[in-house]
Amino acid sequence: FNVYNCITYVVVSSVYVCSACDTGYALFTLSTLNSVKVCIRNDLIDGNCTTYALSTNKNYECTVCATGFTLSTVNTTAGQIKRCLSTTTQIIRSCLVYEGITGGYGCYQCSVAANIARYLFTYNSLSAYRCLNTLTEYIANCGTYDFVSSLYKCSACSTSYLLANVTINSVVQLKCLATAT
């Protein structure tokens, strides 16, 4: 059994077993492969991953996450990798590809669904890109949103703007209005 990125093997019960990996890789026991030891690239190891599989680029990548986590694509300087993100605190609605930022994750690429676009704003004290519906959620100059009943709602405007209800064609809408200077 040849292990990619293994540099040292030992013989155990007449079988060669990997005992040391190349730089940047860690020795990992895969329970899904009869406890075979493989080398997984350090940035691909995820404590919330339950199953790894060999990818076409000869790296073991996560394929199944623990309960409460969702397998997600994350853009990194080394390319796109699979990570297990918390379903309740890290998953961003309508996000296809994530990016790691200080304090969590932002959305690198939103879905191509109609009226979905990527905006930078603060949510739960984290400034990050997220995906908003341009017709029902996005408000120009909004700096902070809350997530209520599966919808983003502006809760604070950017500096020099004031959040107000404005009536347009008999419909009351939230808007961020410029303050007098």
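Check the entry above for the structure.
Thresholds applied
Position labels on residues start from 1 in each chain and follow its written sequence. Only residues with pLDDT of at least 70 get local features here, since the model is predicted, and only at 80 or more are side-chain atom pairs given and counted; chain-wide, interface and lining totals rely on the full set of residues. Only hydrogens and water are set aside; all other atoms, that is, all heavy atoms of the structure, feed into the side-chain values. Note on aromatic pairs: the rings of Phe, Tyr and Trp (six-membered ring only in Trp) are paired at centre separations within 6.5 Å, and the planes decide the class, stacked below 30 degrees, edge-to-face beyond 60, tilted for the rest. Strands here are runs of E lasting at least two residues and helices are runs of H or I lasting at least four, both read from the DSSP assignment and numbered beginning at the N terminus. By definition, being over a ring means that NZ of Lys or CZ of Arg is both within 6 Å of the ring centre and within 35 degrees of the ring normal. Salt bridges are defined as contacts in which a side-chain nitrogen from Lys or Arg sits within 4 Å of a carboxyl oxygen from Asp or Glu. Only protein chains enter the accessibility calculation, which uses a 1.4 Å probe; a residue whose area is less than 20% of its type maximum is buried, one above 50% is exposed, and one in between is partly exposed. Any two cysteine sulfur atoms lying within 2.5 Å of each other are counted as a disulfide.

A.B. asks: Just checking my understanding: could you explain the packing of aromatic side chains for this structure?
C.D. replies: Describing an aromatic ring pair means giving the distance of the ring centres and the angle of the ring planes. Here the structure, examined in full by the defined rule, presents 8 aromatic pairs. Ring geometry for Phe28 versus Tyr52: centroids 5.1 Å apart, planes at 70°, classification edge-to-face. Here Phe28 is found in strand β3 (residues 25-30), whereas its partner Tyr52 is found in strand β5 (residues 49-54), with 24 residues between them in sequence. For the ring pair Tyr123 and Phe147, a centre distance of 6.4 Å and an interplane angle of 80° mean the geometry is edge-to-face. A residue pair is termed long-range when its members are at least 10 positions apart, and Tyr123 in strand β11 (residues 116-123) and Phe147 in strand β13 (residues 142-148) qualify at 24 residues. One aromatic cluster is present, formed by Phe121, Tyr123, Tyr145, Phe147 and Tyr152 through successive ring pairs. Positioned above the aromatic ring of Tyr129 is the side chain of Arg118, whose terminal nitrogen or guanidinium carbon lies 3.7 Å from the ring centre.

A.B. asks: Would you explain the pattern of salt bridges in this entry?
C.D. replies: Note on pairing: side chains with opposite charge can pair once their charged atoms come close. One pass over the structure, following the stated rule, counts 4 salt bridges. Note that Asp46 and Arg83 form a salt bridge whose closest N and O atoms lie 3.8 Å from each other. Pair noted here: Asp46 is in the loop between β4 (36-41) and β5 and Arg83 is in strand β8 (residues 79-86), with a separation of 37 residues, a long-range link. Overall, the relative accessible area of 7% leaves Asp46 in the buried class. Look at Arg83 and you get buried, because its relative accessible area is 18%. Put simply, Arg118 and Glu99 hold a salt bridge, and the shortest N to O gap is 3.4 Å. With Arg118 in strand β11 and Glu99 in strand β9 (residues 95-101), this residue pair connects regions lying 19 residues apart in the sequence.

A.B. asks: Quick question: what am I supposed to make of the state of the cysteines here?
C.D. replies: Each disulfide consists of one covalent bond between the sulfur atoms belonging to two cysteines. By the definition in use, this model includes 8 disulfides. Across the disulfide, Cys6 is cross-linked to Cys18 (sulfur-sulfur distance 2.2 Å). Residues Cys6 and Cys18 are joined by a disulfide whose S-S torsion is about 110°; by sign, that bridge is right-handed. Taken as a pair, Cys6 in strand β1 (residues 6-12) and Cys18 in strand β2 (residues 15-21) lie far apart in primary sequence, 12 residues in all. Residue classification places Cys6 among the buried residues on the basis of a relative accessible area of 14%.

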